[in-house]
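Structural description and commentary
These are the residues of each chain, in order.
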Amino acid sequence: MESDSMAIRKTIVGHVDAAVLAFTAGKDVQLDLALAEADCIGTAAHVTMLSRMPGVNILTERDRNAVVRELITIMRAARRGTFRIRPEDQDVHLAVERLLTQKLGHVGKRVHTARSRNDQVATDLRLYAKERLLTLQDRMADLAGALLRLARRHVNVPMVGRTHLQPAMPSSVGLWASAHAESLLDDAILLRAAYDVNNRCPLGSAASYGVSLPIDRALTARLLGFHGPHQNVLYAGNGRGKCESAILASLAQVMVTLSRFAEDLILFAMPEFGYFTMPAAFGTGSSIMPQKNNPDVLELIRARAKIVSAHSAAVTAIVQGLPSGYSRDLQETKEPFLEGLRVTAACVDVLVPFVEQLRVNRQKLLAGFTPAVFATDRALELVAGGMPFRDAYDQVKANLGELSMVNPKLAIRAKTHLGAPGGLDFRGFAARVHQEHRHVAAERRRFHGAVTRLLGVDYPALG
Ligand code: ARG
């Protein structure tokens, strides 16, 4: 490469060609703004630990307090939108170090003792993900709750159950809506598993090989409200990307649930079905056809499910086969990760009021029933009278034209075993929703309490 002296930029870590800097920093200069708060919190824990290190005087308690004060100032600036990452900073980590050194001189120059940007960024991402996952889990429980309320209000409203999209058996709005709720509650299990994987602190693993100073990794993990530190420092580094991959896999499952719910509604809100009416405020209309109220929201959820799935695939692919220890490839996991979290949360958020305001059209739902829908019920009636099932099946099949219409309400009430339209365990569902909210509340208390103690100001208020 031509070394044009005009194009050389001085950075904290040496002189780099401006074009190379732009290429390697990539989008970090913007993306890392999202990590500013987490970076400051991680640094606060690190300097607190350094100030308490036995036998080695790197930072006094006074120094530590000065650093934490500056970090809070940076966090406030980040919230106001006035914190900037310069191209020469490369990323948020060096931008924060630059500001600390500008303000505090030699004290600022000491903060990077016994850590690397690799453990720093891993810690930042875990802290960031923690907050986002808790918010998402809470909203998923809200959405499951909304679906269950819809189900409960319409537990006896008949709806044709379908296989291959063809009319199959009598079913109910209650069964349909609570099916999507249960799916979401299962996704919450996956999300919590990913949360647990995310709940280990990589800080102090430095470049993945440890440092020759008596750092206390259990202390920093505790100060940050993590469940504990990673054991192995090499795994702490290798966990970057892997953890993101696990989280994205759980998000992709959430999106599978949302996209199937969206698809059902796109179909059943069509005028030809008319089972449901979308809330008016959710239709965006057409620029040419005045009568239109299109399900754009649902279509975007359907498409975004594929995008989150692609983000998940991208991150998994980047991590696959990487050698142990940091490689810059890992930087490229950041954008799909942040995007996956953002998109999934937005989709859950938009659906909560959608479900709350969804209108159910009983008459249209009833109109979907034909005698054929009761064919299986009729066969089972014959079975109850003693006929072998295969004979009953053959008899009904041979006389399909003679099937008579049944009151669909009675047909769904007759199915009373566990999980059937007349046997839905709403108390069990409610307990699961409650459990999700409780988990979020307890984890938030633990996390925010730890950060509040660490910073000495109320967090997340930063008041
Ligand atoms: N911006 C970098 C990333 O996201 C930070 C770590 C850089 N570390 C390094 N050894 N170059 O991966």
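See the structure printed just above.
Predicted model only: the values in this text are computed from it and were never measured.

What counts and what doesn't
- Residues numbered from 1 in each chain as written.
- Predicted model: local features only at pLDDT ≥ 70, side-chain atom pairs only at ≥ 80, totals over all residues.
- Heavy atoms only, no water.
- Helix = DSSP H or I, 4+ residues; strand = E, 2+ residues; numbered from the N terminus.
- Buried < 20%, exposed > 50% of the residue type's maximum accessible area, 1.4 Å probe, protein only.
- Contact = heavy atoms within 4.5 Å.
- Areas by Shrake-Rupley, 256 points an atom, 1.4 Å probe, with all protein chains shown as cover.
- Lys, Arg positive; Asp, Glu negative; His and termini not counted.
- Charge placed at Lys NZ, Arg CZ, Asp CG, Glu CD.
- Pairing = 2+ DSSP bridges.
- Near = heavy atom within 4 Å.
- Polar contact = N/O pair within 3.5 Å; in protein donor to acceptor, adjacent residues only side chain to side chain.
- Nonpolar A, V, L, I, M, F, W, Y, C, P; charged D, E, K, R; others polar.
- Disulfide = S-S within 2.5 Å.
- Axes fitted to C-alpha atoms, helices over the stretch in contact; angles between N-to-C directions.
- Parallel < 35°, antiparallel > 145°, perpendicular 65-115°, else oblique.
- Left-handed = near helix turned anticlockwise from the far one by under 90°.
- Salt bridge = Lys/Arg side-chain N within 4 Å of Asp/Glu carboxyl O.

**Description of the overall build of the protein**
- Within the protein, the secondary structure is distributed over 17 helices and 8 strands.
- Each of the three principal axes of the protein carries a C-alpha extent, and together these read 90 × 50 × 45 Å.
- Evaluated residue by residue, the protein yields a buried proportion of 49% over its 463 residues.
- Across the protein, contacts joining residues at least 24 apart in sequence account for 77% of those joining residues at least 6 apart.
- When the accessible area of the protein is evaluated, it comes to approximately 21,900 Å², of which 55% is carbon and sulfur surface.
- Across the protein, the mean location of the 56 positive side-chain charges is 5 Å away from that of the 45 negative side-chain charges.

**Comments concerning the pairing of strand E1 (residues 8-11)**
- Looking at chain direction, E1 and strand E2 (residues 14-17) are connected through 4 bridges and run antiparallel. Bridge pairing in E2 places Arg 9 opposite Val 16.
- The antiparallel pairing of E1 with E2 creates a hairpin that spans 2 residues between the two strands.

**Some thoughts on the site of the ligand**
- Around the ligand, the structure places Asp 28, Asp 91, Arg 117, Asn 118, Arg 240, Tyr 326, Arg 328, Gln 331 and Lys 334.
- One nitrogen or oxygen atom from the side chain of Asp 28 is found 2.6 Å from a nitrogen atom belonging to the ligand.
- Measuring from a nitrogen atom of the ligand, one finds a side-chain N or O atom of Asp 91 at 3.3 Å.
- Against a free-state accessible area of 350 Å², the protein chains account for coverage of 86% of the ligand.
- For the shell around the ligand, the per-class residue count stands at 1 nonpolar, 2 polar and 6 charged.

**Topic: the state of the cysteines**
- Applying the stated rule across the entire model yields 0 disulfides.
- In this structure Cys 40 is not part of a disulfide, and its nearest cysteine sulfur, from Cys 201, lies 16 Å away.
- Cysteine Cys 243 remains unbridged, with the sulfur of Cys 201 as its closest cysteine sulfur at 12 Å.

**With respect to the packing of helix H11 (residues 296-319) against helix H12 (residues 334-357)**
- Running from N to C, H11 and H12 point in directions that differ by 155°, and their axes come no closer than 9 Å. By the criterion of interaxial angle, the relationship of H11 to H12 is roughly antiparallel. Crossing geometry of H11 relative to H12 is assigned as left-handed. Residue-level inspection shows Val 297, Leu 298, Ile 301, Arg 304, Val 308, His 311 and Val 315 of H11 in contact with H12, the latter providing Pro 336, Phe 337, Glu 339, Gly 340, Val 343, Thr 344, Cys 347, Val 350, Leu 351 and Phe 354.

**Let's talk about unusual backbone geometry**
- Cis geometry marks the peptide bond from Tyr 459 to Pro 460, where omega comes out at 10°.
- In this fold, Pro 460 is placed in the segment after helix H17 (426-455).
- Here His 164, not a glycine, exhibits a phi torsion of approximately 55°, which is positive.
- Looking at the element boundaries, His 164 is found in the loop between strand E3 (158-163) and strand E4 (166-172).
- On the accessibility criterion, His 164 (75% relative accessible area) is exposed.

**Quick word on the pattern of salt bridges**
- The final tally for this structure, using the stated rule, is 18 salt bridges.
- A salt bridge links Asp 91 to Arg 117; the nearest nitrogen and oxygen atoms lie 2.8 Å apart. Of this pair, Asp 91 sits in the loop between helix H4 (61-80) and helix H5 (92-104) while Arg 117 is found in helix H7 (residues 117-153), placing the two residues 26 residues apart along the sequence.
- Judged by relative accessible area, which is 6%, Asp 91 ranks as buried.
- For Glu 356, the salt bridge is made with Arg 149, and the minimal N-O distance between the two is 3.6 Å. A residue pair is termed long-range when its members are at least 10 positions apart, and Glu 356 in helix H12 and Arg 149 in helix H7 qualify at 207 residues.
- Using a relative accessible area of 44% as the deciding quantity, one classes Glu 356 as partly exposed.
- In the salt-bridge network here, residues are joined through shared partners; they are Asp 28, Asp 32 and Lys 334.

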